[in-house]
Structure formats: structure tokens, C-alpha cells
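# Architecture at a glance
Chain by chain, the residues:
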Amino acid sequence: TSTKPRLNSVFGMGNPLLDISAVVDKDFLEKYGLKPDDQILAEDKHKALFEEIVKKFKVEYHAGGSTQNSIKVAQWMIQEPHNVCTFFGCIGEDTFGEILKQKAKEAHVDAHYYEQTEEPTGTCAAAITGNNRSLVANLAAANCYKKDKHLDLEENWKLVEKAKVYYIAGFFLTVSLESIQKVAKHASENNKLFTLNLSAPFISQFFKDALMKVMPYVDVLFGNETEAAMFSKEQGFETEDIKEIAKKAQALPKVNKKRARIVVFTQGKDATIMTKGGDKIEMFPVLKIDQKDIVDTNGAGDAFVGGFLSELVQEKGFEQCVKAGHYAANVVIRQAGCTFPDKPDFN
Ligand code: AP5
Ligand code: NA
């Protein structure tokens, strides 16, 4: 059985960022104290990095931001009607902001940005060395999202109420916990689906309290293997076995008892694992790809989520959601950034 998705039935809220990527050298990483494969928030010592990467290396710009990527992929998978997916986030009134608005429009996403003039539109530097990539997010405007200035406004909250599937990347926990809680409670009270991503190890580590305030509302929890491992460590699960971690995350307290939590952990080229109520775990192999066809895995995790959500909102089974996630990720890793061709080829 499938339901044709209604307008605004998938809701996403997060940090709208413009990605600035370049192949850099080891010296550059060292200068800014970056690990080759990491995701962090920019600190004062990274300020000059954003100017230097543009001056010194050949950069590419892509609309990014984790939740925004997933929402675009979900809309791309759905195709028609347009504006099934809604997106909220904060940008500046500047060129980068204009680019993000334009890209959201082209993706047929119903984006409603809170625009302010204090801070410029956020950026995320992707410093690439070999197969590794170090992401440094300078949230800037994205960090200025305000519940009372945007989410609470009647016309905006109406869009939240129209949705039946909600997705927020854990990254947004650093910005507006109260906005996330408001949406999560709404979902839970109305037996709708609230989904969240662990997003990066630093979220489980340094934003643990915020994360655990939201966890009781989470119906579907996404993450990759490194994020799962850090979550386990921080929660004192005392296991490095990803299946055990998934079971323990699944069993954490939950407010809406009408739905069991589903936990989905991707592992790059290795099989994705998913809890299946109770004590069961299932493994789903990813789609095979010749490694030489991989252009850039940036956005792979976000694309997986987008594919998953596109089927979830059509009330398909969770296995079908994983299949769609694998399909979308497989497409996106063949292209630079979180981009995709005109139309999907998935059923
Ligand atoms: P994100 O989309 O998370 O991409 P990524 O982390 O660069 O992607 P990874 O390659 O690490 O994917 P993953 O580990 O999540 O998934 P997995 O490898 O398991 O992040 C990029 C975006 O984050 C940027 O646009 C940036 O703007 C944003 N961002 C950064 N900081 C932010 C912040 N503070 N706030 C907001 N946004 C922020 O792979 C998933 C699936 O892909 C697999 O299941 C499989 O199907 C497929 N796949 C991946 N690799 C392979 C392979 N080698 N072979 C076959 N299939 C593969
Ligand atoms: Na890509």
C-alpha cells in the first residue's frame, strides 16, 4: 500500500550552509590543527582558514547543510508533487544566502528561511586530502535560528502541523534545542514520526544533555558507525559491537509508546544495520559500486536519510526505506557534493 505524498508532509529544520570544498595539503591541516577525517565546529583559530582555502586552493561551492541535503534528496526521490518537503533554517541577507534560496527552489523544496542581518550565511569548509575530508562548519547565521522569531510564527507553525514525518540532524542541537523540542513534542503528541541523526561524534560527546533531552521523542535514529561508537562510549553502553549499540539505543526511554524506536546505522560500503522492534537486528547490504565510480562520498549519509524519508512518508515498510536510502546514497556518491541527476530511477 502506498499513499501519494501531500504537500509539506516532510518537515526538516537545520543549519543551511554553503559548502566550500578544496583538495588541500597536509600543511594546511596542520596549520589549523585539523584531523584528516573529522567534522567539527569552527573556533576562533579557524577564522583565517575560510579565507585561506579560497585564496590558496581551487575551491568548489555547493549548497550543503546536513538536514537541507537530506530534505532535497527526499524531494528529488518523490519528484511530484513539488513542495512535499519543507525546510526551515537561518541565513544572512547576502550572496551565499541567495545561492541557498535558489538551490532550494531548483530542488522544489518549500524552504522558509529566517533571514537576519547580524551574521552572514553559514559555510562549511571541506578540506580534502586523498580519500579523507575534514569538515569545519562556521555556522554564523545558521546559529541565529530563533524559535520565537521564526518557528512560533503562525504561518510557519502551520507548516509544521501539516507534516507527518519530521527530520532534524543532530547538528541542530548546537543551535536551538527549544525549537527541536517543540517539533519533537508535537510529533509525539500526534503520533507522527520524529527522526533524528547522531550527525557527528562531537554531538554525542559535547552536546550529550541536549541530545538526551530529545532522545525520548525519537522514532527513527540514524547514524554511521563512528557516531554509533561515540554514542555508546558516552552513554556507558560498554560495547563496541554496533548491533549491541543499536539494541541499546533502541531500548532507551521513549515517550510515544505507540511506536517502537527504529535505529538505523550505515557503515559506508558495509551493510546497514537496522533494529526491528524488540531484540531483532537486520543487515542490509549496500548497492555495489565500482570504487572508481565514486566521485565524492560527501553527502552519502545525508542522501541515505533523504531516500529513507521519501519512502517513510509514503508509509512503505522500513526495509523499503533502507533500499531507497541505499539507492539515493549510491547516486550521490557518483557526483560532487550532495547533488543528483534530473530524475531518480528507483521503485
Ligand atoms: P554528510 O552527508 O554526513 O556526509 P559525510 O559525513 O561527508 O558523508 P560520509 O561519507 O561521512 O557519510 P556517512 O558516514 O554519514 O555515511 P556512510 O559512509 O555510512 O555531511 C556532509 C554535509 O554535512 C555537508 O554538506 C556540510 O554542510 C554538512 N555539515 C557539516 N557540519 C555541519 C553542521 N555543524 N551543521 C549542519 N551541517 C553540517 O554512507 C552512507 C551510505 O552511502 C551507505 O549506506 C552506502 O549506501 C553509501 N556508501 C558510502 N560509501 C560507499 C562505498 N564506498 N561504496 C558503496 N556505497 C557507499
Ligand atoms: Na557526492
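Procedures and definitions
- Throughout, residues of each chain are indexed from 1 in the direction in which the sequence is written.
- Chains and ligands are labelled by the order in which they are written, letters from A for the one and numbers from 1 for the other.
- In keeping with the model being predicted, local features are shown solely for residues with a pLDDT of at least 70 and side-chain atom pairs are shown and tallied solely at 80 or more, while totals for entire chains, interfaces and linings include all residues.
- Remark: hydrogens and water are excluded; side-chain values derive from all non-hydrogen atoms of the structure.
- Whether two strands pair depends on DSSP finding at least two bridges between them.
- Helix and strand definitions here come from DSSP, where helices need a minimum of 4 consecutive H or I residues and strands a minimum of 2 consecutive E residues; each element is numbered from the N-terminal end.
- In this analysis, axes come from line fits to C-alpha atoms, helices being fitted only over the stretch in contact, and the angle between any two N-to-C directions falls in the range 0 to 180 degrees.
- Contacts are assigned to residue pairs that have any heavy atoms within 4.5 Å of one another.
- Metal sites are built from N, O and S donor atoms within 2.8 Å, or 3.2 Å for Na, K and Ca, and they leave out water, so they may look incomplete.
- Buried residues are those whose accessible area, probed at 1.4 Å on protein chains only, stays under 20% of the maximum for their type, while exposed residues exceed 50% and partly exposed ones sit between those limits.
- What we call a nonpolar core is a set of buried Ala, Val, Leu, Ile, Met, Phe, Trp, Tyr and Cys residues that are connected through their side-chain atoms within 4.5 Å.
- Angles are sorted into four bins: roughly parallel if under 35 degrees, roughly antiparallel if over 145, roughly perpendicular if 65 to 115, and oblique for all others.
- Throughout, a crossing is termed right-handed when the near helix is turned clockwise from the far one, and left-handed when it is turned anticlockwise from it by less than a right angle.
- Each residue gets one of three labels, nonpolar for Ala, Val, Leu, Ile, Met, Phe, Trp, Tyr, Cys and Pro, charged for Asp, Glu, Lys and Arg, and polar for the others, Gly among them.
- Think of it this way: one heavy atom of a residue within 4 Å of a molecule or strand is enough to make that residue near it.
- By the criterion applied in these results, polar contacts are pairs of N or O atoms within 3.5 Å in which, for protein atoms, one can donate a hydrogen and the other can accept it, and in which residues neighboring in sequence qualify only through two side-chain atoms.
- Methods summary: accessible areas were calculated by the Shrake-Rupley approach with a probe of 1.4 Å, and residue burial reflects only the protein chains presented.

### Observations regarding the sheet that holds strand 3 (residues 38–41)
Pairing within the open sheet is mixed, and its 5 strands lie in the order 3-8-7-2-4. The sheet is open, and its two borders are formed by strand 3 and strand 4 (60–64), each paired with just one other strand. With direction set aside, neighbouring strand axes in the sheet form an average angle of 20°. Sheet topology note: the strand 7 (residues 122–129)/strand 8 (residues 132–138) ladder contains 7 bridges and is antiparallel. Along strand 8, the bridge assignment pairs Ala-127 with Ser-134. Against the sheet, helix 2 (residues 47–56) touches strand 2 (17–23), strand 4, strand 7 and strand 8, its axis set at about 60° to strand 7.

### Remarks on the coordination of the sodium ion (ligand 2)
Only Asp-296 (O), Asn-298 (O), Val-332 (O), Gln-335 (O) and Gly-337 (O) from the protein reach the sodium ion (ligand 2) as donors, at distances of 2.4 to 3.0 Å. Its relative accessible area of 0% is what places Val-332 among the buried residues.

### Considering the nonpolar core
In this structure, Val-183, Phe-194 and Phe-308 are the most contacted members of the largest nonpolar core, which totals 88 residues. Excluding residues that lie within four positions of it along the chain, Val-183 makes contacts with Phe-11, Met-13, Leu-151, Trp-157, Val-160, Tyr-166, Ile-168 and Phe-194. Within the second largest apolar cluster, 14 residues are counted, among which are Val-24, Leu-34, Phe-50 and Ile-53.

### Things to note about the packing of helix 12 (residues 300–312) against helix 13 (residues 318–332)
Closest axis-to-axis distance for the helix 12/helix 13 pair is 7 Å, and the angle between their directions is 140°. In terms of orientation, helix 12 lies oblique with respect to helix 13. Relative to helix 13, the crossing made by helix 12 is right-handed. For the pair helix 12 and helix 13, the contacting residues are Ala-300, Ala-303, Phe-304, Gly-307, Phe-308, Ser-310, Glu-311 and Leu-312 in the first and Phe-318, Gln-320, Cys-321, Val-322, Ala-324, Gly-325, His-326, Ala-328, Ala-329 and Val-332 in the second. Partitioning the contact of helix 12 with helix 13 into residue classes produces 12 nonpolar, 5 polar and 1 charged.

### So, the site of ligand 1
Around ligand 1, the surrounding shell holds 34 residues, and the nearest of these are Asp-19, Arg-133, Asn-224, Thr-266 and Asp-302. Arg-133 is positioned with one of its side-chain polar atoms (N or O) 2.6 Å from an oxygen atom of ligand 1. Gly-301 has a polar backbone atom sitting 3.3 Å from an oxygen atom of ligand 1. Protein coverage of the free-state accessible area of ligand 1, which is 1,000 Å², stands at 92%. Looking at the shell around ligand 1 residue by residue, the class counts come to 13 nonpolar, 17 polar and 4 charged.

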